[in-house]
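Residue-level listing of the chains:
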Amino acid sequence: MTQILMPALSPTMEEGKLAKWLVKEGDTVKSGDILAEIETDKATMEFEAVDEGRIGRILVPEGTEGVKVNQPIAELVGDGEVARPVAAAKSETPAPETKREVEAPKKAGAPAAAPEAQAALAGPEVPEGTEMVTQTVREALRDAMAEEMRRDDTVFLMGEEVAQYQGAYKVSQGLLDEFGAQRVIDTPITEQGFAGLGVGAAFGGLKPIVEFMTWNFAMQAIDQIINSAAKTRYMSGGQMHSPMVFRGPNGPASRVGAQHSQDYSAWYASVPGIKVVAPYFAADAKGLLKAAIRDPNPVVFLENEIVYGRSFPVPKLDDFVLPIGKARVVKEGTSVTIVSYSICVGQILEAAEKLAAEGIDAELIDLRTLRPLDTEAVIRSVRKTNRLVTVEQGWPVCSIGSELCAVVTQEAFDWLDAPPTKVTGKDVPMPYAANLEKLALPTVDDIVRAAKAVCYRS
Amino acid sequence: MENPAASKGNGAGSNSADLKKFYSDMLLIRRFEEKAGQLYGMGLIGGFCHLYIGQEAVVVGMQAAARPDDQVITAYRDHGHMLACGMDPKGVMAELTGRQSGYSKGKGGSMHMFSEEKRFYGGHGIVGAQIPLGTGLAFSNKYRGNDNVTLTYFGDGAANQGQVYESFNMAELWKLPVIYIIENNQYAMGTSVERASSQADFSKRGSSFNIPGETIDGMDVEAVFDAGRRAVAHCRAGKGPIILEMKTYRYRGHSMSDPAKYRTREEVQEVREKRDPIEHLGNKLMSQGLATAEDLKAIDQDIRNVVNHASDFAKESPEPDRAELYTDVLA
């Protein structure tokens, strides 16, 4: 008897919904037959048989959500074999292990993430008593675009697979239906071309949202982003400008190797003439993307593929817009300031819990925007805690952390009780092997270690 | 505004008035560029300075075929385009000298000038980058549903950039109203077309995207004007992009610092003597009795005055205030 296991259908998939069985118990199948439809957070996929035989028992009924990758979903029996009772099969099912600690999202987010996110949401933009809805970051981004497109008909979305495919990562799901093909535009695979076309459209008075399937591909277009979008206002003495958003997933996802796993934060954050936003929480994703679309400047909006599926509370407000350029203290503390952005905010939250268990009360700052960088917020915190740890997945040389350490050293030198310390990705192209990839990225333990070191605790 | 000669036309057929206007428009560019070269030699203009001398018929003929509300974008050999769009020679020259009263407040320079008012969208220093930008301007016209056309100029050198073909593909796919004007002056800096282009007939460069193309004598302003009118009509009719290859020639080096050793002095001299667009038209005006030598001399004198005023203005204008260093970075 062969077990048919729940397949992983994308680099970051850990679980999915068994949407529909296309075979029933007793059916004979051969390799290539479609067994089932499986819904990931990105798409509904057909699942084919590899082995030949007869479907014995179906272990997971259709409609089941949250089926873990590698969990047995059915049995395939050979000639003459008899299917065993379900109970027996179940009892020997090992709990599927996920080795990808790097990307381990808070399981579907909501309960685990709720308290931390509530703290993070406190701010002048959210009136007391505002109702919260739980949303994935993906949904929050889509809603931000949809709301702005309803509000302003010069806003349009273009990029690869944004329309008919509903987004390579499903971020633009439903937008084509609502806004039509004139405003939700599938482009050819032609990053430099459509990035430049977007800048030209912005010169012409439109407000483009240019989606890159990932920021890795935007390297083909970086000339247009920097030389055409970022510099034109200055070069024209303020006459001409490109109010637009370049957005898409940034940073490593999982097991996709060096060319698809790079954090571009420091690159773009070094460029005058653009703003750079890199949120973690769904509410920030929504409020800041809406702000970015309205901003009269070009905005580089760095998302994260793994974070897309995480759920957080989002304030239920008609028009929730957050200011670009403001960091937020996610957790107050007194022992050490830990600063991060994007996916690593999840890690510093975890690290803070571990540190608390050892009596270290960390203050956590989510930068949210990388340009303009809210160095005041960091300095204010360091003057309180006297210690700084920065955390990011990017490379160590000339990183966001490098900048923060330099600024804090210069502006708050007398308040420092320990050398400002960076936790970063390693100084290597991203390896493919699972163990090496894990080594290449900062871990919660790395953060805990760095925080203890600056507190002179071993 | 002090630009008596240049302004975009109304798309009417060429007649004797048009011919005189073509003549003075081209001469304004010629004299302006000669003056710019002189100021460069005096150290008043810095950096890179790419002169348009020899190519005047291209932009004058094309802009005469366009409407004032059509958009124009080009690369860094852009002084002629700005004048042909009706931009003030004083503001252009003052930008060349890096002064506050320049079109970009002195912060752009020769290669980076713009005028929203005159629908001139630069002035771009990266070879080929203006082609997607121009395509995007055309996209904005199509999106808004107006009938404006975007004139996107580039050279034979830029024609080998990949983003040109990315733009061609999207322009034809979405039927964008854009005219791609390839100013083939035969040298991409020091590399001749033959040494750089496997397909040297640039009118065919759009053929794999089904974009029609035409080759025109870019030294003959009337031929350019006629082709320009056809191309504008094609775009306005919603038929999508079109390519016009303009066979032209630049007399000066690629930039002021180019000794132009890649071609002979005789080659340049021959073009100057046999194909000069301004002289050709001047002779025609005289032979057809539309102007006398004295008339042409008077036009020249008027233009020299305009250019001298621009030069004086550009020399006398103050440099930008120190505070300008930090303005116009963000809105």
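Residues numbered from 1 in each chain as written. Chains lettered and ligands numbered in written order. Predicted model: local features only at pLDDT ≥ 70, side-chain atom pairs only at ≥ 80, totals over all residues. Heavy atoms only, no water.

Points about the overall build of chain A
Then comes step 1: Check the secondary structure of chain A and you find 15 helices and 22 strands.
Then comes step 2: Expected size for 458 residues packed as a compact globule is a radius of gyration near 23 Å; at 24 Å, chain A falls within 12% of this value.
Then comes step 3: Referenced to the eigenvectors of the C-alpha coordinate spread, the extents of chain A come out at roughly 80 × 60 × 45 Å.
Then comes step 4: Counting only residues that meet the buried cut, chain A has 59% of its 458 residues in that class.
Then comes step 5: Expressed as a percentage of contacts within chain A between residues at least 6 apart in sequence, the contacts between residues at least 24 apart total 77%. (Helix = DSSP H or I, 4+ residues; strand = E, 2+ residues; numbered from the N terminus. Rg over C-alpha atoms; globule rule 2.2 N^0.38 Å. Buried < 20%, exposed > 50% of the residue type's maximum accessible area, 1.4 Å probe, protein only. Contact = heavy atoms within 4.5 Å.)

Details of the nonpolar core
Then comes step 1: Residues F212, W215, F246 and Y268 of chain A together with F139 of chain B are the most contacted members of the largest nonpolar core, which totals 77 residues.
Then comes step 2: Looking at which domains feed residues into this core, each of domain 2 (124-315) and domain 3 (328-454) of chain A gives three or more.
Then comes step 3: Among residues more than four places away in sequence, those in contact with W215 of chain A are I225, F246, R247, G248, P249, N250, Y264, Y268, V300, F301 and L302 of chain A.
Then comes step 4: With 69 residues, the next largest nonpolar core counts I45, C85, V92 and A310 of chain B among its residues. (Core = buried A, V, L, I, M, F, W, Y, C linked by side-chain atoms within 4.5 Å. Domains from an automatic or database assignment.)

Quick look at the domain arrangement of chain A
Residue and element names in this part refer to chain A.
Then comes step 1: Examined at the domain level, chain A breaks down into domain 1 (2-91), domain 2 (124-315) and domain 3 (328-454).
Then comes step 2: Here the C-alpha centre of domain 3 lies 26 Å away from the C-alpha centre of domain 2.
Then comes step 3: If you look at the interface, domain 2 gives 31 residues, while domain 3 gives 27 residues.
Then comes step 4: Buried area between domain 2 and domain 3, both sides added, is near 2300 Å², and the carbon and sulfur share of it is 58%.
Then comes step 5: Our count for the domain 2 to domain 3 interface comes out at two salt bridges.
Then comes step 6: Linking R328 and D284 is a salt bridge whose minimum nitrogen-to-oxygen distance equals 2.6 Å.
Then comes step 7: Taken together, the links from domain 2 to domain 3 amount to 14 residue pairs in polar contact (both at pLDDT 80 or more).
Then comes step 8: Counting only elements with at least two residues in the side of domain 2 that touches domain 3, the list comes to α8 (265-269), β14 (275-277), α9 (282-294) and α10 (305-308). (Buried area = accessible area lost by both parts, 1.4 Å probe. Salt bridge = Lys/Arg side-chain N within 4 Å of Asp/Glu carboxyl O. Polar contact = N/O pair within 3.5 Å; in protein donor to acceptor, adjacent residues only side chain to side chain.)

What about the sheet that holds strand β15 (residues 298-303) of chain A?
Residue and element names in this part refer to chain A.
Then comes step 1: In spatial order, the strands read β11-β10-β12-β13-β15-β14-β20; together these seven strands make up an open sheet with mixed pairing. Here the strands that pair on one side only, and so sit at the sheet edges, are β11 (184-186) and β20 (369-371). For this sheet, the mean inter-axis angle between neighbouring strands, taken without regard to orientation, is 20 degrees.
Then comes step 2: Alignment of strand β10 (residues 155-159) against strand β12 (residues 207-211), held across five bridges, turns out to be parallel. Across the sheet, residue G159 finds its bridge partner in β12, namely E211. (Pairing = 2+ DSSP bridges. Axes fitted to C-alpha atoms, helices over the stretch in contact; angles between N-to-C directions.)

Quick notes on the side chain of T136 of chain A
All names here are of chain A.
Then comes step 1: Along the chain, T136 falls in strand β9 (residues 132-136).
Then comes step 2: A residue is classified by how much of its surface remains accessible, and T136, at 15% relative accessible area, is buried.
Then comes step 3: If near-sequence neighbours (up to four positions away) are discounted, T136 is found in contact with A282, Y308, G309, R310 and S311.

Let's talk about the interface of chain B and chain A
Then comes step 1: Between chain B and chain A, the contact holds 38 residues from the first and 44 residues from the second.
Then comes step 2: Both faces combined, the contact of chain B with chain A buries some 3300 Å², and carbon together with sulfur accounts for 63% of it.
Then comes step 3: It is F114, Y143 and L330 of chain B that lose the most area in chain B upon contact with chain A, and together they represent 20% of the buried surface on that side.
Then comes step 4: Summed over the shared surface of chain B and chain A, the result is zero salt bridges.

A short note on helix α10 (residues 277-287) of chain B
All names here are of chain B.
Then comes step 1: Within the sequence span of α10, burial applies to P277, I278, L281, G282 and L285. Along the axis of α10, the buried positions cluster into a sector of 130 degrees, meaning they face one direction only.
Then comes step 2: On the buried face of α10, the contacting elements are α1 (16-41), α2 (56-65), α8 (221-236), α9 (265-275) and α11 (293-316).
Then comes step 3: Where α10 begins, the side chain of D276 points an oxygen toward the backbone nitrogen of I278, at a separation of 3.1 Å. (Arc of directions from axis to C-beta.)

Notes on the pattern of salt bridges
Then comes step 1: Counting across every chain of the model gives 44 salt bridges over all chains.
Then comes step 2: Across the pair K384 of chain A and E363 of chain A runs a salt bridge whose closest N-O atoms are separated by 2.5 Å. Of this pair, K384 of chain A sits in helix α12 (residues 375-385) while E363 of chain A sits in strand β19 (residues 362-366), and the two are 21 residues apart along the sequence.
Then comes step 3: In this structure, K107 of chain B and E324 of chain B form a salt bridge, with 3.4 Å as the shortest nitrogen-oxygen distance. Within this pair, whereas K107 of chain B is found in the loop between α4 (89-96) and β2 (120-123), its partner E324 of chain B is found in the segment after α11, the two being separated by 217 residues in sequence. Comparing K107 of chain B with E324 of chain B, the two get one shared label, buried.

Some words on empty space enclosed by the protein
One water molecule sets the probe size; rolling that probe over the atoms shows where empty space is left.
Residues and elements named next belong to chain A.
Then comes step 1: A complete count under the given rule lists four cavities of 30 Å³ or more for this structure.
Then comes step 2: If you trace the largest cavity, you find 14 residues lining it, with S261, Q393, W395, V428 and M430 closest to the centre.
Then comes step 3: Residues belonging to the lining of the largest cavity are distributed by class as follows: seven nonpolar, five polar and two charged.
Then comes step 4: Of the residues that make up the lining of the largest cavity, three or more belong to each of domain 2 (124-315) and domain 3 (328-454). (1 Å grid on protein atoms, 1.4 Å probe; cavity = no way out; pocket = protein on both sides within 12 Å on 5 of 7 lines; lining within 4 Å. Points joined across faces, edges and corners; volume = space filled by probe spheres on them. Nonpolar A, V, L, I, M, F, W, Y, C, P; charged D, E, K, R; others polar.)

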